[in-house]
Amino acid sequence: MKLSNTFPNYLLGLMDLIHDKPIMDKSDDKMKIMHQLPLASSNKAFDFYELNQLNNGSVYFEIVTMNGFRSIVKTRTDLISNDLERHEWFDLISKTAIKHFSKEEYQALKQGYVKQSKSGCSVLLSIALLVLVNVFIYQFL
């Protein structure tokens with residue numbers, strides 16, 4: 001059974017919020033309802049509005065912002081055990097969206113900036129150190 005059959009008011013509350021936004025893709029199966037909306041600031045960035053079900057039957061709502069294949073920021077609710085009223089879903093989704101859209105990472109992406117991970121720098125530094133150690137060792141052999 002699709003998750004939308006178990007939580008029918010969720011879709012009503014969500015559509016009350018995003019009804020005028022262009023939906024790029026959507027899916028609905030027994031474990032997840034997902035709507036993908038593009039960000040106006042980038043042609044590679046998207047917000048994913050998701051209702052995810054856990055094995056125990058409870059769900060949580062989550063907004064995930066991605067730039068290409070990279071997750072930029074996530075905001076999720078506490079666990080929900082049964083379907084809320086339409087207006088309760090709308091309130092919950094609205095509050096989660098406000099929290100999500102006010103995060104530093106989201107604001108930076110909206111302005112065209114993306115925080116770079118430090119792992120790339122660490123990898124380059126490690127490679128440079130390995131080369132220097134090898135050069136040093138071969139000079140004394």
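Use the structure listed above.
Visitor: Would you explain the pattern of salt bridges in this entry?
Guide: All chains considered together, the criterion is met by two salt bridges. For Arg-86, the salt bridge identified is with Asp-16, shortest N-O distance 2.7 Å. Linking Arg-86 in helix α3 (residues 86-101) with Asp-16 in helix α2 (residues 8-18), this pair joins segments that are 70 residues apart in sequence. Overall, the relative accessible area of 30% leaves Asp-16 in the partly exposed class. The partner of Lys-32 in a salt bridge is Glu-50, with the nearest N and O atoms 3.2 Å apart. Residue Lys-32 is found in strand β2 (residues 32-38), and its partner Glu-50 is found in strand β3 (residues 45-53); the two are separated by 18 residues along the sequence. When its relative accessible area of 29% is taken as the criterion, Lys-32 is described as partly exposed. According to the relative accessible area criterion, Glu-50 is buried, its value standing at 10%.

Visitor: So what exactly am I meant to see when it comes to the nonpolar core here?
Guide: Here is a general trend for soluble globular proteins: nonpolar side chains tend to be buried in one another's company. Counting residues in each nonpolar core, the largest one holds 17 residues, and the members touching the most others are Phe-7, Tyr-10, Tyr-49, Leu-51, Val-59, Phe-61 and Trp-89. Listing elements by their share of this core, those giving two or more residues are α2, β2, β3, β4 (59-67) and α3. When near neighbours in sequence (up to four residues on either side) are disregarded, Val-59 contacts Leu-3, Phe-7, Leu-51, Asn-52, Gln-53, Asp-78, Leu-79, Ile-80 and Trp-89. Core analysis: the next-biggest nonpolar cluster, separate from the first, contains six residues, Leu-39, Ala-45, Ile-72 and Leu-109 among them.

Visitor: Where do I start with the pairing of strand β5 (residues 70-76) in this structure?
Guide: Looking down a regular strand, the side chains alternate between one sheet face and the other. The pairing of β4 with β5 spans six bridges and is antiparallel. Bridge pairing links Ile-63 to Thr-75 in β5. Adjacent in sequence and paired antiparallel, β4 and β5 are bridged by two residues, among which Gly-68 carries a positive phi angle near 70 degrees.

So, how was this worked out
Residues numbered from 1 in each chain as written. Predicted model: local features only at pLDDT ≥ 70, side-chain atom pairs only at ≥ 80, totals over all residues. Heavy atoms only, no water. Salt bridge = Lys/Arg side-chain N within 4 Å of Asp/Glu carboxyl O. Helix = DSSP H or I, 4+ residues; strand = E, 2+ residues; numbered from the N terminus. Buried < 20%, exposed > 50% of the residue type's maximum accessible area, 1.4 Å probe, protein only. Core = buried A, V, L, I, M, F, W, Y, C linked by side-chain atoms within 4.5 Å. Contact = heavy atoms within 4.5 Å. Pairing = 2+ DSSP bridges.

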